[in-house]
Amino acid sequence: MKIIRAKDYADMSRKAANIISAQVIMKPNCVLGLATGGTPVGAYAQLVDWYNKGDIDFSEVTTVNLDEYRGLPKEHPESYWSFMHKNLFDKVNIDPAKINLPDGTNPDAEDACAKYNQIIHAVGGIDLQLLGIGHDGHIGFNEPGEAFELETHCVDLTAETIEANKRFFDGNVNLVPKQAYTMGIKTIMQARKVLMVANGKGKAEIIKKAFFGPVTPEVPASILQMHPDFTLVGDEEALSLI
Ligand code: GLP
């Protein structure tokens, strides 16, 4: 495990974007596993900036996103499909045919997850997986207590996650979807490189628990201690307890 200390959010975003762009430069047709949430927004903005300056080319890149809310139409402003298009895909030269997210509009969970697993296998697995971390240690939407060996599956979001994500739904927990399709820990662990971004005081406790505590399904991110190529880029506040 490699820990990179950043001064602040902007510095964290730049450092993470550097690692992502290095991956794309080294392997232009790489598979990027991408994440949503507030934390990676700055890294995506940095990548867009470098793209506009001609420093990075996404034309051969394939993307697979971690997760999607079950039951939200793609066009809903808070679907992860919309999030990714707004923050990255609409602003760079990525081929729309190479963009993949779980299909939250497919009500048949088994079918939606099986199809997503097939896609991940068909593209040859993930070269670099970007992750944020939830306050309860979730990665993607793998909530505490779930088996480490799962691939894409349907999850019930915990009350804590619904509470944390209500800020995106007019502050109303009733509007937050209660389920999601998420890549499993097994898929994340099979990624050749994993990069986590974390910022702010609110993440300090869980960062300490996940990376300096026992490896346990109760703290899903803790399994990353066992990954052969895992990098955590955090700002001073998020890393303040380690
Ligand atoms: C959601 C996403 C996760 C993300 C987490 C933390 O639950 N499914 O992938 O890591 O939020 O989000 P934030 O970065 O806004 O703290």
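Just so you know, these numbers come straight off a predicted model, no measurement behind them.

### Re the packing of aromatic side chains
The geometry of an aromatic ring pair is captured by the separation of the ring centres together with the interplanar angle, meaning the angle of the planes. Throughout the structure, instances matching the rule amount to 5 aromatic pairs. Seen from their ring centres, Tyr69 and Phe141 are 5.6 Å apart, and the 45 degrees between their planes marks the pair as tilted. Taken together, the residues span a long stretch of sequence, with Tyr69 in strand β4 (residues 67-69) and Phe141 in the loop between β6 (128-131) and β7 (153-156) at a distance of 72 residues. What makes Tyr69 buried here is its relative accessible area of 1%. Relative to Phe141, the ring of Tyr80 has its centre 5.9 Å away and its plane inclined at 15 degrees; by these criteria the two rings are stacked. Linking Tyr80 in helix α3 (residues 80-87) with Phe141 in the loop between β6 and β7, this pair joins segments that are 61 residues apart in sequence. Each member of the pair, Tyr80 as well as Phe141, is classed as buried. Ring pairing ties together the aromatic residues Tyr69, Tyr80, Phe141 and Phe169, which thus form one cluster.

### What to know about the packing of helix α2 (residues 41-52) against α3
Following both chains from N to C, one finds α2 and α3 inclined at 40 degrees, their axes separated by 9 Å at the closest point. On the basis of the axis angle, α2 is oblique to α3. When α2 is examined against α3, the residues Val41, Tyr44 and Val48 are found in contact with a partner set consisting of Phe83, Met84 and Asn87.

### Thoughts on the UniProt feature "active site" (unreviewed entry) in the protein chain
Per the UniProt record, "active site" (unreviewed entry) is found at Asp67, Asp136, His138 and Glu143. As for its position among the elements, Asp67 is in strand β4. Residue classification places Asp67 among the buried positions, given a relative accessible area of 3%. For Asp67, the contacting residues outside a window of four places in its chain are Thr36, Tyr80, Leu101, Pro102, Gly140, Phe141, Tyr181 and Thr182. The buried category is assigned to His138, whose relative accessible area is 11%. Setting aside its immediate chain neighbours within four residues, His138 contacts Gly132, Ile133, Glu143, Thr161 and Pro220.

### Topic: the sheet that holds strand β1 (residues 2-6)
Spatial ordering of the open sheet is given by β1-β10-β9-β6-β2-β3-β5, a layout of 7 strands whose pairing is parallel. Only two strands of the sheet have a single partner each, and these edge strands are β1 and β5 (99-100). As defined by bridge partners, strand β9 (residues 193-198) adjoins strand β10 (residues 230-235) across 5 bridges and the pair is classed as parallel. If you follow Val197 over to β10, its bridge partner there is Val233.

### A short note on the site of the ligand
Around the ligand there are 14 residues in total, and Gly38, Thr39, Asp67, His138 and Lys203 lie nearest to it. Here an oxygen atom of the ligand sits 3.3 Å away from a polar atom, N or O, in the main chain of Ile133. One nitrogen or oxygen atom from the side chain of Arg167 is found 2.9 Å from an oxygen atom belonging to the ligand. In isolation the ligand exposes 400 Å². Once the protein is present, 95% of that is buried.

### Focus: the UniProt feature "domain: Glucosamine/galactosamine-6-phosphate isomerase" (unreviewed entry) in the protein chain
As recorded in UniProt, the sites labelled "domain: Glucosamine/galactosamine-6-phosphate isomerase" (unreviewed entry) are residues 12-225. Taken end to end, residues 12-225 comprises 33% helix and 14% strand; its first and last C-alpha atoms sit 20 Å apart.

### A few points about the environment of Met12
Mapped onto the elements, Met12 comes out in helix α1 (residues 9-26). When the C-alpha atoms of Met12 and Asn199 are compared, they prove to be 7.8 Å apart, with 187 residues separating the residues in sequence. The residues touching Met12, leaving out its near neighbours within four places in the chain, are Ala6, Thr39, Val197, Ala198, Asn199, Val233 and Gly234.

### A word on the pattern of salt bridges
For the coordinates displayed, the defined rule picks out 10 salt bridges. Close ionic contact of Asp127 with Arg192 constitutes a salt bridge, the shortest N to O distance being 2.9 Å. In this pair, Asp127 sits in the loop between α4 (109-122) and β6 while Arg192 sits in the loop between α6 (185-190) and β9, placing the two residues 65 residues apart along the sequence. Assessed through its relative accessible area of 42%, Arg192 is described here as partly exposed. Residues Asp229 and Lys193 are paired through a salt bridge, measuring 3.3 Å at the closest nitrogen-oxygen approach. Residue Asp229 is found in the loop between α7 (204-212) and β10, and its partner Lys193 is found in strand β9; the two are separated by 36 residues along the sequence. Given the relative accessible area of 34%, Lys193 is considered partly exposed. It is possible to trace a salt-bridge network through shared partners that takes in Asp11, Arg14 and Lys15.

Definitions and limits used
Residues numbered from 1 in each chain as written. Predicted model: local features only at pLDDT ≥ 70, side-chain atom pairs only at ≥ 80, totals over all residues. Heavy atoms only, no water. Phe/Tyr/Trp six-rings, centres within 6.5 Å; stacked < 30°, edge-to-face > 60°. Helix = DSSP H or I, 4+ residues; strand = E, 2+ residues; numbered from the N terminus. Buried < 20%, exposed > 50% of the residue type's maximum accessible area, 1.4 Å probe, protein only. Axes fitted to C-alpha atoms, helices over the stretch in contact; angles between N-to-C directions. Parallel < 35°, antiparallel > 145°, perpendicular 65-115°, else oblique. Contact = heavy atoms within 4.5 Å. UniProt positions renumbered as here; feature names shortened; annotations may be inferred. Pairing = 2+ DSSP bridges. Near = heavy atom within 4 Å. Polar contact = N/O pair within 3.5 Å; in protein donor to acceptor, adjacent residues only side chain to side chain. Areas by Shrake-Rupley, 256 points an atom, 1.4 Å probe, with all protein chains shown as cover. Salt bridge = Lys/Arg side-chain N within 4 Å of Asp/Glu carboxyl O.

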